[in-house]
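The residues making up each chain are set out below.
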Amino acid sequence: MTDDSSKEWEILMVMRKLLAQIIKDTTPPSRAMKHPLKESTIEDIRQALLLISTRERELADAAGAAQERPYYTDDTTAPRAVPVTKIGRRKPGDA
């Protein structure tokens, strides 16, 4: 990643975090309450987040970075083979 694209990535990350924090701070605690932001402002924030994520993906692709995906810490990284003999109904008393 060049110095310019590194700076751009940093700006995008800060903007994404800022918009997410604004969303958290302005979201009412109950769906019954009216949202303080106008619907057009909410849509503009959605569009901004979409543009940010698209540009972040472009920068990552240009840098040759692997596509990052969220994962659970207890997820297995590779598929596991399950023997056919283990497939079936559990016996009453097996946990």
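Residues numbered from 1 in each chain as written. Predicted model: local features only at pLDDT ≥ 70, side-chain atom pairs only at ≥ 80, totals over all residues. Heavy atoms only, no water.

Student: What's the story with the overall build of the protein in this structure? I'm lost.
Tutor: A count of helical and extended segments in the protein gives two helices and zero strands. Seen through its C-alpha atoms, the protein measures out along the principal axes to roughly 60 × 45 × 15 Å. A total of 95 residues make up the protein; the buried ones form 11% of that total. Here the contacts in the protein between residues at least 6 apart in sequence split such that 57% fall between residues at least 24 apart. Taken as a whole, the protein presents about 8,900 Å² of accessible surface, with 56% of it coming from carbon and sulfur. Both charge centroids of the protein, one from 16 positive and one from 15 negative side chains, sit 12 Å from each other. (Helix = DSSP H or I, 4+ residues; strand = E, 2+ residues; numbered from the N terminus. Buried < 20%, exposed > 50% of the residue type's maximum accessible area, 1.4 Å probe, protein only. Contact = heavy atoms within 4.5 Å. Areas by Shrake-Rupley, 256 points an atom, 1.4 Å probe, with all protein chains shown as cover. Lys, Arg positive; Asp, Glu negative; His and termini not counted. Charge placed at Lys NZ, Arg CZ, Asp CG, Glu CD.)

Student: Help me out: how do you make sense of the packing of helix α1 (residues 3-26) against helix α2 (residues 39-63) in this one?
Tutor: Relative orientation of the contacting elements α1 and α2 amounts to 150 degrees, with a least axis distance of 10 Å. With respect to α2, the axis of α1 lies roughly antiparallel. Judged by the sense of rotation from one axis to the other, the crossing of α1 with α2 is left-handed. Residue-level contacts link Ser 5, Glu 8, Trp 9, Leu 12, Met 13, Met 15, Arg 16, Leu 19 and Ile 23 of α1 to Ile 45, Ala 48, Leu 49, Ile 52, Arg 55, Glu 56 and Leu 59 of α2. Here the residues of the contact of α1 with α2 are counted per class, giving eleven nonpolar, one polar and four charged. (Axes fitted to C-alpha atoms, helices over the stretch in contact; angles between N-to-C directions. Parallel < 35°, antiparallel > 145°, perpendicular 65-115°, else oblique. Left-handed = near helix turned anticlockwise from the far one by under 90°. Nonpolar A, V, L, I, M, F, W, Y, C, P; charged D, E, K, R; others polar.)

Student: Can you walk me through a nonpolar patch on the surface in this structure?
Tutor: A cluster of nonpolar side chains, contributed by Ile 11, Met 15, Leu 18 and Ile 22, occupies part of the molecular surface with about 330 Å² of accessible area. Relative to the helices and strands, Ile 11 is located in helix α1. Accessibility expressed as a relative area gives 48% for Ile 11, which makes it partly exposed. (Patch = residues over 30% accessible without salt bridge, like charges linked within 9 Å, V, L, I, M, F, W, Y side chains within 5 Å. Salt bridge = Lys/Arg side-chain N within 4 Å of Asp/Glu carboxyl O.)

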